[in-house]
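# Coordinate analysis (summary)
Here is how the chains run, residue by residue.
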Amino acid sequence: MPKTTAIDTVASGWTVAARHRRSTMPQRLGLAIAVALVVTPMMGWRICLAWLLVYGVMQWLEMLAFAPSKEGGPIEELPSWRKVVACVILFTSTSVFGALSIPMWLIGGPLGGVGAALMLPGLMLFSMVNAPRSRAILVATLTPPMLYLLASPFFVASFGASAPVVMTASAAVVLFIIFTVISWFKMSEATENQLQAHAEADRLRQKAEQDLAGHSAFLAAVGHDLRTPIGAILTGAAELQDLDAHSRSNANLITDAGLMMKALLDDLLDHSKLGAGRMTVEAADFDLRLMLAQTLRLWRGPVEAKGLKLRVEGVARMPRRVRGDAMRIRQILNNLISNAMKFTSEGQITLRLDAWTEEPSAYCILLEVADTGPGMTGEQLKRLFNPFDQTADGVSARYGGTGLGLAISRNLTELMGGRLTARSTPGQGARFTVSLVLPIGENAAAVVAPTDDSRLDIAQSLAAPRRATTPLVSASPPPVAPEVPVAPEAPVPLVAEVQAAPPSEADDEEGRPLRVLVVDDHDINRRAVQLILQPLGCDIVTAADGMIALQRCAETVFDVIFMDVRMPELDGRETTRRLRAGGGPNALTPVVAVTADTAPEDVAACQAAGMAYFVSKPLTPPALIGALQHVLDESAQAESAAA
């Protein structure tokens, strides 16, 4: 059966058969040369050479006739007149090939006729196979050898064969012709079914890809929109911490629910990216020990609050400088510790670390999280990494979660070229082991993560020299009771200190608060940023879109601009590009991207647009103020280096 190509599903039977004829021309020429060599001793080289030359000319004419149907070219249906010419050439070409059987009978006698009787059926089968889905090409190529084969009984009779022998030869010829025609119909039917199956599979594949793209786009849009109310919930809950004990309890409940919503949303979006093949990992130098210390510092409080112990073994064997995706490794470790903590009611959670040198220039890293929970059966282990599968009935209702964390962790580990395995015995807890090969890093940068949610500490951390255009320092905040760290009741003024400016300018800047422009098309996000920054004494100006933001930047000098990336009409990146290119008073002002898209390519696009930093949605006070601190410190350091 001819090989089916994707183009066959949309091309006509004629075009498909014509392309098969073109593709098998070298085979036909090779077969003709072989036949000529075989019969040369019987008929002489002159007859064989003449026959071979005539057949070669016919193949050349056939190639010209089918030129528009060249394999790999555009699908082009031949006009009717060209089809007629092509059929005439095909008929003549196969007639020339089959004509060799006549001198084989006449010169070679009965033994030569045996050779002819073997050659003609082969030619008929070859013609049948190379005429899929086209009756016209089949008739043109099958008729000549069929007529030559029908002449065989007459040659048999001319050599004195008896009547029964002639009748037997005639019946055999007719049966073979019927068999050939039936075989062509069966082959064409099978080819049609195969093409239809391929077309249906291709249609279903395209539909699945469209559905997956639509599903991913829907999740991305919903996720982006959900981050706005989640950010408002977390911000409002942070403000309620300043009230009485009952209000703080309610605020803690709201905060826990908001963080759970954020975690579930992040898992759903990561699962969608992994399913669509859009999840990527990056490679950058980082301090592995520091990353592990920061991660464990975040978990020590929650683990102890549940009455458990958090143990760490093998820290001394861990290298410092490695190259990999610190954020994804941290995410995997967070998922494993969270899972262990969720299913462990008493006892301890142990993080066992090990590492050794892997040639030529890498480390093999093992991270094992072990718990003293109820353990799992073999059947549960088989289902452990299935998304949305909690391995046992009632687990979701009792412990919460979606069953995505472990599935995402395994996929992320495999994206980084590693493995995540699980071992467990009922009643003896579970052990999850991550094995990774990380290249040795050259310049391991510190992995910074905010670990203190105290608003007062963050506010105090802003009391450092700021950028030279409006260098700012903070006045001392009012004293606060040490046992209950709360935000300052009065705004913390950020007073300017101009060292090299004229006295009149210094007087103007004295007492000026930090000027911040907040650009976001969602009013909730703008209000959330105001709620976080105004208690710090910041002067907040808002803009609902990029065009308004450019107008505000033309009127006022700002110290920092928080810019939403996704906005209608003029998005945040384009607004930043225009701000940088405009050469106005805020052309060098740090711009912080506020975005739910934190993939490496999205962050790179923000940096390429001229943004200095980014903070992910949903907005939280530590993340927002941490970003503010970062860009102001960067500006101060840059100015100090320039001075």
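Right, let's walk through the structure included here. (Residues numbered from 1 in each chain as written. Predicted model: local features only at pLDDT ≥ 70, side-chain atom pairs only at ≥ 80, totals over all residues. Heavy atoms only, no water.)

Okay, the packing of helix α4 (residues 80–99) against helix α6 (residues 135–150) next. In a pair of packed helices, the angle between the axes and the distance between the axes together describe the arrangement. Relative orientation of the contacting elements α4 and α6 amounts to 25°, with a least axis distance of 8 Å. By the criterion of interaxial angle, the relationship of α4 to α6 is roughly parallel. Crossing handedness for the pair α4 and α6: right-handed. Contacts between α4 and α6 involve Cys-87, Leu-90, Phe-91, Thr-94, Ser-95, Gly-98 and Ala-99 on the former and, on the latter, Ala-136, Ile-137, Ala-140, Thr-141, Thr-143, Pro-144, Pro-145 and Tyr-148. For the contact of α4 with α6, a count of residues per class yields 10 nonpolar, 5 polar and no charged. (Axes fitted to C-alpha atoms, helices over the stretch in contact; angles between N-to-C directions. Helix = DSSP H or I, 4+ residues; strand = E, 2+ residues; numbered from the N terminus. Parallel < 35°, antiparallel > 145°, perpendicular 65-115°, else oblique. Left-handed = near helix turned anticlockwise from the far one by under 90°. Contact = heavy atoms within 4.5 Å. Nonpolar A, V, L, I, M, F, W, Y, C, P; charged D, E, K, R; others polar.)

Counting through the fold element by element, Thr-576 comes out in helix α19 (residues 572–582). A distance of 2.8 Å separates the side chain of Thr-576 from the backbone oxygen of Gly-572, its partner in a polar contact. Those residues in contact with Thr-576 that lie beyond four places of it in its chain are Met-563, Val-591, Ala-609, Gly-610 and Met-611. (Polar contact = N/O pair within 3.5 Å; in protein donor to acceptor, adjacent residues only side chain to side chain.)

What follows covers the nonpolar core. Soluble globular proteins tend to bury their nonpolar side chains together. With 44 residues, the main nonpolar core has Trp-51, Phe-97 and Leu-100 as its most contacted residues. Mapped onto this core, the elements with two or more residues apiece are α1 (13–23), α2 (25–43), α3 (45–65), α4, α5 (101–129), α6, α7 (152–158) and α8 (163–240). For this core, the leading source of residues is α5, giving 8 residues. If sequence neighbours within four positions are ignored, Trp-51 has contacts with Ala-32, Val-35, Ala-36, Val-96, Phe-97 and Leu-100. Judged by nonpolar contacts, the second largest core, of 41 residues, contains Tyr-363, Ile-365, Leu-406 and Val-434. (Core = buried A, V, L, I, M, F, W, Y, C linked by side-chain atoms within 4.5 Å. Buried < 20%, exposed > 50% of the residue type's maximum accessible area, 1.4 Å probe, protein only.)

Between side chains of opposite charge, pairing is possible as soon as their charged atoms come close. Throughout the structure, instances matching the rule amount to 14 salt bridges. Residues Arg-311 and Glu-313 are paired through a salt bridge, measuring 3.1 Å at the closest nitrogen-oxygen approach. Overlapping salt bridges, with partners in common, bring together Arg-311, Glu-313, Arg-352, Glu-368 and Arg-423 in one network. (Salt bridge = Lys/Arg side-chain N within 4 Å of Asp/Glu carboxyl O.)

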